[in-house]
Structure formats: structure tokens, C-alpha cells
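Coordinates in review
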Amino acid sequence: MRTQVGIIGAGPAGLLLSHLLHLRGISSVVLEKRSRDYVERRVRAGVLEQGTVDTLVAAGVGGRLLREGLSHHGIELRYGGAGHRIPFEKLVPGRAITVYGQQEVVKDLIAARLEAGGDVRFEVEDVAVHSPGDRPYLTFGGERLDCDVIAGCDGFHGVSRPSVPPGVLRTYERDYPFAWLGILARVAPSSEELIYARTERGFALHSMRTPEISRFYLQVPPDAGEAEWPDERIWAELKARLETVPGFTLTTGEIIEKGVTPMRGFVTEPMQYGRLYLAGDAAHIVPPTGAKGLNLAVADVRVLTEALAAFFRDGSTELLDGYSGACLKRVWRAQHFSWWMTTLLHTFDSDDDYGRKLQLSYLDYVTSSDAAATTLAENYVGLPLEG
Ligand code: RFL
Ligand code: PHB
């Protein structure tokens, strides 16, 4: 078997890449180790930058997103007994975010790929990358797929990044001393906009998916297990961290999903080796406080598509050679923003009163100065995409 681009992973990065390449007349095969049902149900991100929405719409996969996505023009920062709105319409006019579940994006992309006769294979076993330096090929389940190029879109725990010879990639990492417990609940959101809450008990986030489904996150110890968090404890803690302003009541309901996510920043440089290109979480992850992971995956894939289109058009490798450099600027901006949001809103060492005072001082600044609030707003809605 052969294809132009062998893609490992049917997450947002791999599926969008396959779709955008198809629109340019470039063939690809997507190899995914999980089942279709599993990837379509995996609950993850929910906030799409304007540029992500524009990319999906321009690619013809934004129909349902435009109908069902919730357009948001602000977020609330809640701390010290008061809520403070960051108004996007005033600070970054014409730019907003859209709340639409990542698994809905994945469903839309899978449907589009299959409808166009795309080759997306699920439950593929033992994918391995061979000769990434020059004549790359993939093996899986006893088969061989020869490729001109391989795209490693297999997430943080995939096989593509470890297939690069030792010493080639440099990695940069930051671990945080806490995790997030994420909850999906069958209950109408108690707020119209997202609430990022800082309390002495830890951070909490009120997000949503639809007018009937809410999404919440709680800062928890790094080794927390789901078993330690029965539903009653979750609601009690969410109430303690969110019902901190007069007149706000959190409506509770049936919890339909929960999971613990570690908080980590990670970047690999470069994001390529020979004919292997890494995109999305395979190359970098951010703590979710800035809502950037999925959006960065989309930005990478846009750059990679342009570079591959030039390569298959006339053999030019200039854009491919510059792939990492073109992506990493945005990646590091998102790393910084995600670190900054995380540092601003989470509870760290309870003995560190100085750190606590700094946090509160910066929160006061961000919620009283348009200059500081604009910094938050323009990063949150997403800095302009190149091209
Ligand atoms: P994915 O989505 O992890 O997809 C990788 C795919 O590769 C498959 N795979 C393999 N396939 C074949 N062979 C192998 N050996 C393989 N190993 C892995 C996997 O099964 C999977 O299907 O990576 P991708 O496409 O790069 O997409 C990245 C995003 O998923 C991720 O950045 C976001 O979910 C991060 N994130 C958020 N991003 C946002 O932009 N906004 C948010 O609001 C946001 N919230 C979040 C998040 C991530 C979270 N978790 C659970 C990590 C909230 C949470 C809780
Ligand atoms: C989500 O809705 O899943 C979500 C929203 C904002 C974040 C992270 C996750 O910062």
C-alpha cells in the first residue's frame, strides 16, 4: 500500500489534516488505535478560537458548528467575593469564542472524511514508524504503508515522537502540583458565560456544552483518583468554590462523565525530523486553563497543509523546512498564556502568603485596567493566524 501522507491519530489534528489535504487533492491514510465510537465520545476541550471556527467553516465542516455552537463575548473572573467580566466586545471588537465540544468537531470531521471516501482506519494495532529520516513507511497489524511523508498526530502518548532518534529533539517541560477533575452534567448552565473562579479552596471552572449540558472543572491534588470524588462531594465542592458572590446559585444535576487530567506544559523542538512532522499534542501540550490545546493543533495543521501543498505541487521543501519555526512562535505564546492563567487562578503552596498577594494584586489589575484585560482577551480569543 502507498499514500502521499500517512497520518497517525484520528484526533482533531489528524482528521483535520486529512480533510484539508483532500481539499488540495493530496491523498492520506489515517491510522487510529481506538474505535470510532471511543474517539467520538472522548470528552475534552470546549472552547474554539475565532480562527479555529473560521478554518472549519472554510473547510466545509462548520455547518453544525455554526448552528449549534454557542458564541461567547466574554468570560467572568470570580475571586474575593466578586465577579468581574472581561468584555471581549469592548476589548477585542469583532472577536469571540465559540463553545462547541471537541468530540463534536471530531464527529463532523469523521463524517466529512468518510463521505468523501477518505481512508480512516480505526482499531489499528501496533502502528510503528520506520525510516522517518528519508524513506518513511508505517507498519500496523501485519501491513505496510509506504508514504512520502508521515504526520505524527497521535497525541502526547503516541508513537511518532519516540520514533525520532535520541538527541535530535529538545524538550521543555513544566509540571504543576495539581490536576483537574473534569465533570459533565445533565443540567442547564447556571451562568451564560464561563466562570473562572479562584478561591482559597482551589480553582473551579464553570463551562458548558449545550443549553442542557454543563461542564465543570475542579483543581484537585495531582494524585487524586475519581473514586475519591463521589457525586455529592463534587457538587459540594463546586458550590463552595462558585457560590461566592451574592445571588449566584449553582444548579446541580446528574453527573454523566468524570475524569482527572494532569496539568503540564510540554514543547518539543523542532517539531520535525526528516520526513516526519509532529502536529498538535504530539508536539506540545498546555495546561487547559487557557483553552489553547485544540486551537494550537488546528494552527499547526494549517501550516503543515500549506507546506505539504507546496511540496507535492513542485517538490519545494522550503515551507516544510520552516514548519517548526512557523508553528513554535504561536506554541510558545500559548505556553506562556496558559502558564499565566494557571498561575493566576490556582491555589499553590498554602504557606506562600507572598505568592497569594501577588496573585490577588494581578487579578485586581486585570479586572480594573483595560490594558491588562486586553492582554487576557486577545490571547483568549486567539491571536491572528498567519496566512
Ligand atoms: P488527540 O486528541 O490526543 O488525538 C490523538 C489521537 O491519536 C491516537 N493515538 C494513536 N493512534 C494510532 N497509534 C498510536 N500508537 C496512537 N497513539 C495515540 C489517539 O487515540 C487519539 O485519537 O491529539 P490532537 O489531535 O493533537 O488534539 C489535541 C487536543 O485533543 C487537545 O489539545 C485538547 O483536548 C486540549 N484541551 C483543550 N484545548 C482547547 O483548545 N480548549 C479547551 O477548552 C481544552 N480543554 C483540553 C481541555 C484537554 C483536556 N484533557 C482531557 C487533556 C480540557 C481537558 C480536560
Ligand atoms: C471546557 O469547556 O472544556 C473548557 C473551557 C475552558 C477551559 C478549559 C476547558 O479553559
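Further up the page is the structure itself.
In this report, we go over the structure that sits alongside the text. (Residues numbered from 1 in each chain as written. Chains lettered and ligands numbered in written order. Predicted model: local features only at pLDDT ≥ 70, side-chain atom pairs only at ≥ 80, totals over all residues. Heavy atoms only, no water.)

1. Quick word on the sheet that holds strand E19 (residues 284-285)
- Read from one edge of the open sheet, eight strands run E6-E5-E13-E14-E15-E12-E16-E19, paired in mixed fashion. Two strands lie at the open edges of the sheet, namely strand E6 (82-87) and E19, each paired on one side alone.
- Taken strand by strand, helix H7 (residues 231-242) contacts strand E5 (74-79), strand E12 (170-186), strand E13 (195-199), strand E14 (202-210), strand E15 (213-220) and strand E16 (254-269), and its axis lies near 85 degrees from that of E15. (Pairing = 2+ DSSP bridges. Helix = DSSP H or I, 4+ residues; strand = E, 2+ residues; numbered from the N terminus. Contact = heavy atoms within 4.5 Å. Axes fitted to C-alpha atoms, helices over the stretch in contact; angles between N-to-C directions.)

2. Some thoughts on the site of ligand 1
- In the neighbourhood of ligand 1, 33 residues make up the surrounding shell, with Glu-32, Arg-42, Gln-102, Asp-281 and Leu-294 lying closest.
- At a separation of 3.2 Å, an oxygen atom of ligand 1 approaches a polar side-chain atom of Asn-295.
- Bound to the protein, ligand 1 loses 90% of the 1000 Å² it would expose on its own.
- Within the residue set of the shell around ligand 1, elements represented by two or more residues are helix H1 (12-23) and helix H8 (293-314).
- Per element, the largest residue contribution to the shell around ligand 1 is three residues, and it comes from H8.
- Of the residues contributing to the shell around ligand 1, the split by class is 15 nonpolar, ten polar and eight charged. (Near = heavy atom within 4 Å. Polar contact = N/O pair within 3.5 Å; in protein donor to acceptor, adjacent residues only side chain to side chain. Areas by Shrake-Rupley, 256 points an atom, 1.4 Å probe, with all protein chains shown as cover. Nonpolar A, V, L, I, M, F, W, Y, C, P; charged D, E, K, R; others polar.)

3. Some points on the side chain of Arg-330
- Position of Arg-330 among the secondary structure elements: in helix H10 (residues 323-345).
- Reaching out from Arg-330, the side chain makes a polar contact with the backbone oxygen of Leu-383 at a distance of 2.9 Å.

4. Quick word on the sheet that holds strand E7 (residues 97-99)
- Spatially, E3-E7-E4 is the arrangement adopted by the three strands of the open sheet, whose pairing is antiparallel. For this open sheet the edge positions go to strand E3 (47-48) and strand E4 (70-72), each flanked by a neighbour on one side alone.
- Of the strand pairs in this sheet, E3 and E7 are connected by two bridges, and their pairing is antiparallel. If you follow Leu-48 over to E7, its bridge partner there is Thr-98.

5. Quick notes on helix H11 (residues 353-366)
- The end-to-end C-alpha distance of H11 is 20 Å, a good match for the 20 Å that 14 residues give at a rise of 1.5 Å each.
- Next to the buried residues of H11 lie E5, E6, E13, H10 and helix H12 (370-381). (Expected span 1.5 Å × (residues − 1).)

6. With respect to the pattern of salt bridges
- Applying the stated criterion to the full structure yields 25 salt bridges.
- Asp-37 is paired through a salt bridge with Arg-41; the nearest N and O atoms lie 3.0 Å apart. One end of the pair is Asp-37 and the other is Arg-41, both in helix H2 (residues 36-41) and four residues apart, which spans about a single turn.
- Overall, the relative accessible area of 59% leaves Arg-41 in the exposed class.
- In this structure, Arg-144 engages Asp-146 in a salt bridge whose closest nitrogen and oxygen atoms are separated by 2.9 Å.
- Overall, Asp-146 belongs to the partly exposed group, its relative accessible area being 22%.
- By sharing partners, the salt bridges in this structure join Arg-64, Glu-68, Glu-104, Lys-107 and Asp-108 into a single network. (Salt bridge = Lys/Arg side-chain N within 4 Å of Asp/Glu carboxyl O. Buried < 20%, exposed > 50% of the residue type's maximum accessible area, 1.4 Å probe, protein only.)

7. Remarks on the environment of Pro-177
- Within the secondary structure, Pro-177 is located in strand E12.
- The sequence separation of Pro-177 and Thr-347 amounts to 170 residues, and the corresponding C-alpha distance is 9.6 Å.
- Not counting the four nearest positions on each side in its chain, Pro-177 is found in contact with Pro-222 and Phe-348.

8. Side note on the state of the cysteines
- Under the defined criterion, the tally for this structure stands at zero disulfides.
- Sulfur of Cys-153: no disulfide; nearest cysteine sulfur belongs to Cys-327 and is 11 Å away.
- With a relative accessible area of 3%, Cys-327 lands in the buried category. (Disulfide = S-S within 2.5 Å.)

9. Examining the pairing of E14
- Most of E14 sits out of view: eight of its nine residues are buried.
- One ladder, built from five bridges, connects E13 with E14; its direction is antiparallel. Directly across from Thr-199, in E14, lies its bridge partner Gly-202.
- Between E14 and the antiparallel strand that follows it, E15, lie two residues.

10. Observations regarding the nonpolar core
- In terms of nonpolar packing, the biggest core is built from 65 residues, with Ile-7, Leu-17, Leu-31, Leu-48, Leu-138, Leu-304 and Leu-308 touching the most fellow members.
- For this core, the element with the most residues is H8, which contributes ten residues.
- When sequence neighbours within four positions are dropped, the list of residues in contact with Leu-17 reads Ile-7, Ala-151, Cys-153, Val-301, Leu-304, Thr-305 and Leu-308.
- Residues Val-47, Ile-75, Phe-88 and Phe-203 belong to the second largest nonpolar core, which totals 35 residues. (Core = buried A, V, L, I, M, F, W, Y, C linked by side-chain atoms within 4.5 Å.)

11. Section: the packing of H10 against H12
- For the pair H10 and H12, interaxial distance at closest approach is 11 Å and the crossing angle is 125 degrees. When the interaxial angle is binned, H10 and H12 end up oblique. Relative to H12, H10 is oriented so that their crossing is left-handed. Along the contact surface, H10 presents Arg-333, Phe-337, Trp-340 and Met-341, while H12 presents Leu-376, Asn-379 and Tyr-380.
- Taken together, the residues that form the contact of H10 with H12 break down as five nonpolar, one polar and one charged. (Parallel < 35°, antiparallel > 145°, perpendicular 65-115°, else oblique. Left-handed = near helix turned anticlockwise from the far one by under 90°.)

12. Some words on the site of ligand 2
- Around ligand 2, the surrounding shell holds 15 residues, and the nearest of these are Tyr-196, Ser-207, Arg-209, Tyr-217 and Pro-288.
- A distance of 3.4 Å is found between an oxygen atom of ligand 2 and a backbone nitrogen or oxygen belonging to Arg-44.
- Ser-207 places a polar side-chain atom, nitrogen or oxygen, 2.6 Å from an oxygen atom of ligand 2.
- For ligand 2, whose unbound accessible area comes to 280 Å², protein coverage reaches 97%.
- If you tally residues by element for the shell around ligand 2, the top one is E14, at three residues.
- Taken together, the residues of the shell around ligand 2 break down into nine nonpolar, three polar and three charged.

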